[in-house]
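Notes for the structure review
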Amino acid sequence: MDMDQHDTLLIIDFGSQVTQLIARRLRELNVYCEIHPFQNVTPALLAETAPKAVILSGGPASVIDAGSPRPPAEVFELGVPVLGICYGQQVMMEMLGGRVERGDGTSEFGRAWVERKGDKHPDLLTGWFLEAREQVWMSHGDHVAKLAPGFEVLGTSPGAPFAITGDRARHFYAVQFHPEVHHTPNGRTFLENFVKIAGFTGDWTMAAYKDEAIRLIREQVGDARVICGLSGGVDSSVAAVLIHEAIGDQLTCVFVDHGLLRQNEAEEVVGMFRDAYNIPLIHADEADLFLGELEGVSDPEVKRKTIGRLFIDVFQREANKIEGASFLAQGTLYPDVIESVSFSGGPSVTIKSHHNVGGLPEKMGLKLVEPLRELFKDEVRALGHELGLPASFIGRHPFPGPGLAIRCPGEITRDKLEILRKADAVYIDQIRKHGLYDEIWQAFVALLPVRTVGVMGDGRTYDYACALRAVTSVDGMTADYYPFSHDFLGETATRIINEVRGINRVTYDITSKPPGTIEWE
């Protein structure tokens, strides 16, 4: 996607674990931004992106070490505001004539308090220091020991005498803390002040993005045909509806039904796309093929590879029936694009294999259409709303590609899948009834490969145990279990045991990620 109609803020990445958070905060402020690793930021890239402002991210290196990362000097000659964060502050000072020193007792990690310095209150700090001090999040060993010429101190902390600095004439600012993280409570206001100084108008909206994306899809595709692999998830569904709005019946969706979906899911997907949206859809019902090949397989990695191989075979077979197809549409998101760029080894043009539908474009000689590759997940949901997708669909929890196969540890059978579907439906129904669905990132039932003794009426049972899983998360990278009340858990367990034949014991998984994963396999 070419978003050249928007004012752009360039984020130069020096390897911080939280660089993506800078971008997310700015997008929330309706500011279009792009992340580029420092080694990719050349004078040519600067000319191409023509940034209206630049942010230098944090990073693990020390500017004191030989060969440590640097942005090109041209960044400071663009005549636009620049904000350095943590390592970004230190590299700015070093390059502009200041000095950075090793920690020596001034390291700060975690919560810290910054106090205002100086009488004049610059625009950067509007809404800050309404109390005597501001809570921030620090993570630094080195510290700035001498400011570059033209800079003044605007805020100090016990471990960072130059916690906030600025050169008001050039609109260069630098902070030792991380305003982008949740632990700097007033960080959003700080970033909002910076983009106001830079003159951003907040023109990055999903309504504007939708119109632009439709125009660009039409330009890219022309009168060719497009195939879209539809999983029923939010990303591929939003991509499909957006592309259909752009090119109509030139789009055909292929929905590979592997028989590992949740209760009534296949019918819902087909109903929504074929009936509600009138999008040409091939429904490849291949449950017998997938379950036949998975018979007797209990190793989770073999399960995944088998499902992936069969998916490609079926998709390719169905796609080959569509004459004149030149493009494959994918729901690739911006985090996938960022992660596919090797920070230490330069750019990589391939998206991670699980997003690249197993390498299908190369195999089939197709070009890619990726209309969501500029967006974060929450922006995809906002775009879905603009496109008129039902709110209940847009807010659905993530669902893994291999489906219920990885929620059924051990061998998969039709009987076990049926038990799992019913238990999962009861659990999700309970979560919705109690108004908890939108508070939870992902919730599901795992059917355990053990049977336990139980008592029902006057008889003994020997049935499966299941585990309930529900986690809260922002991006799926880390997660914590959802703190259900015991009343909720007791009520849910009773319903599952009463309504689902084959389960006589219910447990709740309270493992966070890390050390666990969200899924069981």
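So, here's what we can say about the structure. Just so it is clear, the model here is predicted, and its values are computed rather than measured.

This brings us to the pattern of salt bridges. This structure, assessed with the given rule, holds 26 salt bridges. The salt bridge involving lysine 52 is made with aspartate 7; its shortest N-O contact spans 3.3 Å. Note that lysine 52 is positioned in the loop between helix H2 (43–49) and strand E3 (53–56) and aspartate 7 in the segment before strand E1 (8–13), a separation of 45 residues in sequence. A salt bridge links glutamate 245 to lysine 210; the nearest nitrogen and oxygen atoms lie 3.7 Å apart. Highlighted residues: glutamate 245 in helix H6 (residues 234–247) and lysine 210 in helix H5 (residues 206–221), separated in sequence by 35 residues. On the basis of relative accessibility, which here comes to 37%, the residue glutamate 245 falls in the partly exposed class. Relative accessible area serves as the criterion here: at 14%, lysine 210 is assigned to the buried category. Connected through salt bridges with shared partners, the residues Glu286, Arg317, Glu318 and Lys321 form a single ionic network.

Taken in spatial order, the five strands make up an open sheet running E14-E13-E12-E15-E16, and their pairing is parallel. Edge positions in the sheet fall to strand E14 (281–285) and strand E16 (367–369), since each of these pairs with one other strand and no more. Adjacent strand axes in the sheet meet at a mean angle of 30°, parallel and antiparallel pairs treated alike. As paired strands, strand E12 (residues 225–229) and strand E13 (residues 251–257) are joined by four bridges and run parallel to one another. Counted as the bridge partner of glycine 229 is valine 254 from E13.

Take the state of the cysteines next. Within the structure shown, the criterion is met by zero disulfides. The structure places no disulfide on cysteine 86, whose sulfur is separated from the nearest cysteine sulfur, that of cysteine 33, by 19 Å. For cysteine 86, a relative accessible area of 5% gives the class buried. Summary of cysteine pairing: cysteine 408 is not part of a disulfide, and the nearest cysteine sulfur, belonging to cysteine 466, is at 12 Å.

When a strand is regular, its side chains alternate between the sheet's two faces. Of all six residues that make up strand E2 (residues 32–37), six are buried, and the element is covered over most of its length. Neither face of E2 is left uncovered, since the one carrying Tyr32, Glu34 and His36 and the one carrying Cys33, Ile35 and Pro37 both have all their residues buried. Of the pairings in the sheet, the one linking E1 to E2 comprises six bridges and is parallel in character. Following the sheet pairing, leucine 9 is matched in E2 by cysteine 33.

Time to look at helix H14 (residues 414–433). Taking 1.5 Å as the rise per residue, H14 with 20 residues should run 28 Å; its terminal C-alpha atoms sit 29 Å apart, in good agreement. Here H14 has its buried residues at Lys416, Leu417, Ile419, Leu420, Arg421, Ala423, Asp424, Val426, Tyr427, Ile428, Gln430 and Ile431. Residues of H14 that are buried make contact with helix H8 (287–294), strand E17 (442–456), strand E18 (459–472), helix H15 (486–499) and strand E20 (503–508). Following H14 by one or two positions, glycine 435 has its phi on the positive side, about 70°.

The next thing to look at is the pairing of strand E10 (residues 160–167). Of all eight residues that make up E10, seven are buried, and the element is covered over most of its length. Taking the residues that link successive antiparallel strands as the turn, the strand E9 (residues 152–157)-E10 hairpin has two residues. The pairing of E10 with strand E11 (residues 172–175) spans four bridges and is classified as antiparallel. Counterpart to glycine 166 in the pairing with E11 is tyrosine 173. In sequence, E10 turns back onto E11 through a hairpin of four residues, with histidine 171 there showing a positive phi of about 60°.

Attention now moves to the nonpolar core. The biggest cluster of nonpolar side chains holds 46 residues, and the ones touching the most others in it are Tyr427, Ile431 and Phe484. Going through the elements one at a time, E13, H8, helix H9 (300–319), H14, E17, E18, H15 and E20 are the ones with two or more residues in this core. Considering each element in turn, this core owes the most residues, eight residues, to H14. Sequence-distant contacts of phenylalanine 484, that is, excluding residues within four places in its chain, are made with Tyr427, Ile431, Leu436, Ile440, Ala470, Leu489 and Tyr508.

Cut-offs and rules
- Residues numbered from 1 in each chain as written.
- Predicted model: local features only at pLDDT ≥ 70, side-chain atom pairs only at ≥ 80, totals over all residues.
- Heavy atoms only, no water.
- Salt bridge = Lys/Arg side-chain N within 4 Å of Asp/Glu carboxyl O.
- Helix = DSSP H or I, 4+ residues; strand = E, 2+ residues; numbered from the N terminus.
- Buried < 20%, exposed > 50% of the residue type's maximum accessible area, 1.4 Å probe, protein only.
- Pairing = 2+ DSSP bridges.
- Axes fitted to C-alpha atoms, helices over the stretch in contact; angles between N-to-C directions.
- Disulfide = S-S within 2.5 Å.
- Expected span 1.5 Å × (residues − 1).
- Contact = heavy atoms within 4.5 Å.
- Core = buried A, V, L, I, M, F, W, Y, C linked by side-chain atoms within 4.5 Å.

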